[in-house]
Amino acid sequence: MSRHPITCHVLDTVAGKPAVGIICTLKVQDAATREFIKIAQASTNSDGRVVYWNNISQSSDDEFYKILNSVGGEEAAKTDRLLQIRFDGISEYFDGDTFFPYVDICFIVKANALPSEHFHVPLLLSRYSYSTYRGS
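Okay, so let's go over this structure.

Reading the values: the criteria
Within any chain, residue numbers begin from 1 and follow the written order of that chain's sequence. The predicted origin of the model limits local features to residues at a pLDDT of at least 70 and limits the giving and counting of side-chain atom pairs to 80 or more, whereas totals for whole chains, interfaces and linings rest on all residues. Derived side-chain values reflect all non-hydrogen atoms in the structure, with water molecules and hydrogen atoms excluded from consideration. The rule for pairing is simple: two strands pair if DSSP sees at least two bridges between them. Strands are runs of DSSP state E lasting at least two residues, helices are runs of H or I lasting at least four, and both sets are numbered from the N terminus onward. Only the stretch in contact is used when a helix axis is fitted, and all axes are lines through C-alpha atoms; the angle between N-to-C directions ranges over 0 to 180 degrees. When a residue's accessible area, from a 1.4 Å probe over protein chains only, is under 20% of the maximum for its type it is buried; when over 50% it is exposed; and in between it is partly exposed. Buried Ala, Val, Leu, Ile, Met, Phe, Trp, Tyr and Cys residues that are joined via side-chain atoms within 4.5 Å together make up what is termed a nonpolar core. Throughout, a contact is declared for two residues whenever any of their heavy atoms are within 4.5 Å. Salt bridge, as applied in this entry: a Lys or Arg side-chain nitrogen positioned within 4 Å of an Asp or Glu carboxyl oxygen. Counted as positive: Lys and Arg. Counted as negative: Asp and Glu. His and the chain ends are not counted at all.

### Quick word on the sheet that holds strand S7 (residues 102-109)
Argument step 1. Spatially, S4-S3-S6-S7 is the arrangement adopted by the four strands of the open sheet, whose pairing is antiparallel. In this open sheet, the two strands that pair with only one neighbour each are strand S4 (36-43) and S7. Neighbouring strand axes in the sheet, compared pairwise and without regard to direction, differ in orientation by 20° on average.
Argument step 2. Here eight bridges tie strand S6 (residues 81-88) to S7, and the two strands are oriented antiparallel to one another. Along S7, the bridge assignment pairs Arg81 with Val109.

Right, dumping it as structure tokens:
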């Protein structure tokens, strides 16, 4: 497996380079309580990417889906899911000179979209602005 089904990427748009060491936390919303539950975490690598989440095996997608579906049970796996990636450590990355100390990006994974689709969430980042889109 070359990557997990949900990945992210952080680019420093001012410096024109990858943002290394940003802490990324993947969460899924519990439909019953509407709380976001942490399921995985990783830091961006030398290319500014998270392709594997720390607590999930790199050798099998099954473990990824099992952890994702542990929130809300089997029925939740059959419905649209709201996920969130928190990008943290931005203030430290910019040596305290930033307007956004962290960024939360929420996105919807449609029912039955996994495992056929890959979800890539890029964050284009500067000290005083950010942008995102659905990557490939």
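Text resumes after the structure shown.
### Regarding unusual backbone geometry
Argument step 1. One non-glycine residue, Arg34, lies in the positive phi region at around 65°.
Argument step 2. According to the relative accessible area criterion, Arg34 is exposed, its value standing at 59%.
Argument step 3. For Asp95, which is not a glycine, the phi torsion comes out positive at approximately 55°.
Argument step 4. With respect to the helices and strands, the residue Asp95 is situated in the loop between helix H3 (90-93) and S7.

### Notes on the nonpolar core
Argument step 1. Among the nonpolar cores identified, the biggest contains 33 residues, and Leu26, Trp53, Ile85, Phe87 and Phe107 are the most heavily contacted of them.
Argument step 2. Elements represented by at least two residues in this core include exactly strand S1 (6-12), strand S3 (23-29), S4, helix H1 (61-69), S6, S7 and strand S8 (119-125).
Argument step 3. Those residues in contact with Phe107, other than ones at most four positions away along the chain, are Ile6, Leu26, Arg81, Leu82, Leu83, Gln84, Ile85, Phe119 and Val121.

### Some points on the pairing of S1
Argument step 1. Most of S1 is tucked away, with six of its seven residues classed as buried.
Argument step 2. By the bridge criterion, seven bridges tie S1 to S8 in an arrangement that is parallel. When the sheet's bridge partners are listed, Val10 is paired in S8 with Leu123.
Argument step 3. Pairing of S1 with strand S5 (residues 49-50), which is carried by two bridges, proceeds in the antiparallel orientation. Bridge assignment links Cys8 to a residue of S5, and that residue is Val50.

### Let's talk about the pattern of salt bridges
Argument step 1. Considering all chains together, one arrives at five salt bridges under this definition.
Argument step 2. Lys110 serves as the salt-bridge partner of Asp80, at 3.5 Å between the closest nitrogen and oxygen. On the criterion of sequence distance, the pair formed by Asp80 in the loop between helix H2 (73-77) and S6 and Lys110 in the loop between S7 and S8 is long-range, its members being 30 residues apart.

### A short note on the side chain of Asp12
Argument step 1. Within the fold, Asp12 resides in strand S1.
Argument step 2. Here Asp12 occupies a buried position and makes no salt bridge, while the nearest side chain of opposite charge, Lys17, is found at 5.7 Å.
Argument step 3. Once residues lying within four places of it in the same chain are set aside, the contact partners of Asp12 are Lys17, Pro18, Ala19, Tyr93, Phe94 and Leu125.

By themselves, these figures tell us nothing about what the structure is for.
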